[in-house]
Amino acid sequence: MVYILLPPVIFLLGLILCSKKTGKVGKAVYCGLFTAATTAVAAFRYNVGTDYPAYKGIFERLIDLELGEFPKDRLEKGYTVSLNIMANSVGDFRIYFALSALLFSAAAAVWIYRNSTSPVISCTAFLMYGMLFYSMNFLRQYTAATVVLYAYEYIKKKDFLRFLAMVLFASCFHWSALIMIPMYFLLQIRIQPIVLTIYFMIAALLLVYSWNVINFVLDSFEKTGIMTANIRTLLTGREINYGIYTFYFIGYLILFVLMFIFRKKAFEARNENIIYFSSMFFLILVEFWGLKHAIVSRFGLFFVMPAILGLLPETVHAACAFTDEHFKQKKIMHAIVYLVFIAASAYFYIEFMIYGGNGCFPYQTWLPLR
């Protein structure tokens, strides 16, 4: 019931608070309520999410960890040091999860307030496209993804050095953030039908010959002697031997198609939408490879927030503008546009609940309920 009620409540609150009459004050209040609601859901959970027991164990292990033991720890040092400070400060793993939830929710809300042309769409999409559930699981990688979300500002400004600094900082919490260094250049390429065709041909070839590529990379690292525990886990771990649920790819693909149809109007509205659309494409790409190797899907965390939170509102507005040009019944057509996008997100959200949402279903709390 918590998960069923959350999206419509957030959506309806947005319709009330984010009108033209309420202005920036209403938008700020709405983003604040969004932060409070999503933080509460994540903070009061107990044993919710596939990684919950693991991060609970890490938290407890880091209490009273001596300085000399940090270099031996396999986790990224930025995460280890910050968690050690928190563990010794608060002592209770529930406070750790609550503070993590507050950090993630507030960061998303502030970004939406600053960058989204429609906070109600972005906040609702944050829930329905699984970003809340990702934040309940991949705490290290989600921390890195949150830093990268803000690093996108420097792609817009074409400031590579500051972008690089942000990515390197993000990699202190999860090494996979390093993939964003070449993405600085790739995300600025405007996705057109020809570019899209070339990308998909390369992607298909890599998927077909993926084991050859994996073995080649593994051998190369072994020969050079720079193999790390993280790289070995990526190339030989359990998640590389099976694929993700197909609804991830299908759900994001439906959204990508809708964005592709209305991309021209979105590009005309704001130049940064070119970057967000490229981010949406690479989200599709990693989910496509994830159908065979689930571990690759994890890289999607670095693309999902800017792509959906930034571009989805623009796509909805572009679709409404298109109907204004071709139909006289504007209000009816706008309602149909919203229904189409709600249906697309509902498909993803329902599938997420059916398959357990990375262990987030059913919802459990540590509060003493009777």
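Bear in mind the structure is a predicted one, so any value in this text is a computation, not a measurement.

Visitor: Would you explain the packing of aromatic side chains in this entry?
Guide: Each pair of aromatic rings is reported with the distance of its centres and the angle of its planes. Applying the stated criterion to the full structure yields 49 aromatic pairs. Arranged with centres 5.0 Å apart and planes meeting at 85 degrees, the rings of Tyr 3 and Phe 133 form a pair that is edge-to-face. One end of the pair, Tyr 3, is in helix 1 (residues 2-17); the other, Phe 133, is in helix 7 (residues 131-135), with 130 residues separating them in the sequence. You can call Tyr 3 buried: its relative accessible area is 4%. Arranged with centres 4.8 Å apart and planes meeting at 40 degrees, the rings of Tyr 252 and Phe 348 form a pair that is tilted.

Visitor: Just to check I follow, could you spell out the environment of Gly 310 for this structure?
Guide: Tracing the chain through its elements places Gly 310 in helix 18 (residues 301-326). Using a relative accessible area of 0% as the deciding quantity, one classes Gly 310 as buried. A sequence separation of 147 residues divides Gly 310 from Phe 163, and the C-alpha atoms of the two residues are 18 Å apart. Setting aside anything within four residues of it in sequence, one finds Gly 310 in contact with Trp 111, Arg 270, Asn 273, Tyr 276 and Met 305.

Visitor: Explain unusual backbone geometry here, please?
Guide: Excluding glycine, residues mostly carry a negative phi; peptide bonds, for their part, are mostly trans. The omega torsion across Phe 361 and Pro 362 is -5 degrees, close enough to zero to call that bond cis. Mapped onto the secondary structure, Pro 362 falls in the segment after helix 19 (330-354). Despite not being glycine, Lys 158 shows a phi value in the positive range, around 55 degrees. With respect to the helices, strands and loops of the structure, Lys 158 is situated in the loop between helix 8 (139-156) and helix 9 (160-171). For Lys 158, a relative accessible area of 61% gives the class exposed.

Visitor: How should I be thinking about the pattern of salt bridges in this particular structure?
Guide: Pairs can form between side chains of opposite charge once their charged atoms are near each other. Counting across every chain of the model gives nine salt bridges. Two residues, Lys 156 and Glu 153, come together in a salt bridge whose shortest N-O distance is 2.9 Å. Of this pair, Lys 156 and Glu 153 both sit in helix 8, three residues apart, which is roughly one turn of the helix. A salt bridge links Glu 314 to Arg 270, with the shortest nitrogen-to-oxygen separation between them at 2.6 Å. Taken together, the residues span a long stretch of sequence, with Glu 314 in helix 18 and Arg 270 in the loop between helix 15 (263-269) and helix 16 (273-290) at a distance of 44 residues. Connected through shared salt-bridge partners, Arg 270, Glu 272 and Glu 314 make up one network.

Visitor: Would you take a moment to explain helix 18 for this structure?
Guide: Helical geometry note: an α-helix holds 3.6 residues per turn, so side chains three or four residues apart project in the same direction. With 26 residues, helix 18 should reach 38 Å at 1.5 Å per residue; the first-to-last C-alpha distance of 37 Å fits that figure. At Leu 311, helix 18 shows its maximal bend, which comes to roughly 35 degrees, and the proline Pro 313 appears one to four places after that position. In terms of burial, helix 18 is largely enclosed, as 20 of its 26 residues are buried.

Visitor: How should the side chain of Thr 315 be read in this particular structure?
Guide: Within the element layout of this structure, Thr 315 appears in helix 18. The class of Thr 315 is buried, set by a relative accessible area of 1%. Among all residues touching Thr 315, those that are not within four sequence positions of it are Leu 258, Met 259, Phe 262 and Phe 341.

Visitor: Could you clarify how one ought to interpret the environment of Trp 366 in this entry?
Guide: Within the secondary structure layout, Trp 366 lies in the segment after helix 19. Overall, Trp 366 belongs to the partly exposed group, its relative accessible area being 30%. In this structure, the C-alpha to C-alpha distance between Trp 366 and Tyr 113, residues 253 residues apart in sequence, is 31 Å. Leaving out residues up to four positions away in the same chain, Trp 366 has contacts with Ala 43, Phe 44, Arg 45, Tyr 46 and Arg 94. For Trp 366, the side chain forms a polar contact with the main-chain oxygen of Ala 43, separated by 3.2 Å.

Visitor: Is there a simple way to explain the confidence of the model for the protein chain in this structure?
Guide: One rule of thumb: low pLDDT means the predicted coordinates there are not for detailed reading. Mean pLDDT over the protein chain works out to 91, with 96% of the residues at or above the 70 mark. When the elements of the protein chain are averaged for pLDDT, helix 13 (residues 229-236) gives the smallest value, 75, and helix 6 (residues 119-128) the largest, 97.

Rules used throughout
Residues numbered from 1 in each chain as written. Predicted model: local features only at pLDDT ≥ 70, side-chain atom pairs only at ≥ 80, totals over all residues. Heavy atoms only, no water. Phe/Tyr/Trp six-rings, centres within 6.5 Å; stacked < 30°, edge-to-face > 60°. Helix = DSSP H or I, 4+ residues; strand = E, 2+ residues; numbered from the N terminus. Buried < 20%, exposed > 50% of the residue type's maximum accessible area, 1.4 Å probe, protein only. Contact = heavy atoms within 4.5 Å. Salt bridge = Lys/Arg side-chain N within 4 Å of Asp/Glu carboxyl O. Expected span 1.5 Å × (residues − 1). Bend = angle between axes of the 7 residues up to and from the residue. Polar contact = N/O pair within 3.5 Å; in protein donor to acceptor, adjacent residues only side chain to side chain. pLDDT = per-residue confidence, 0-100.

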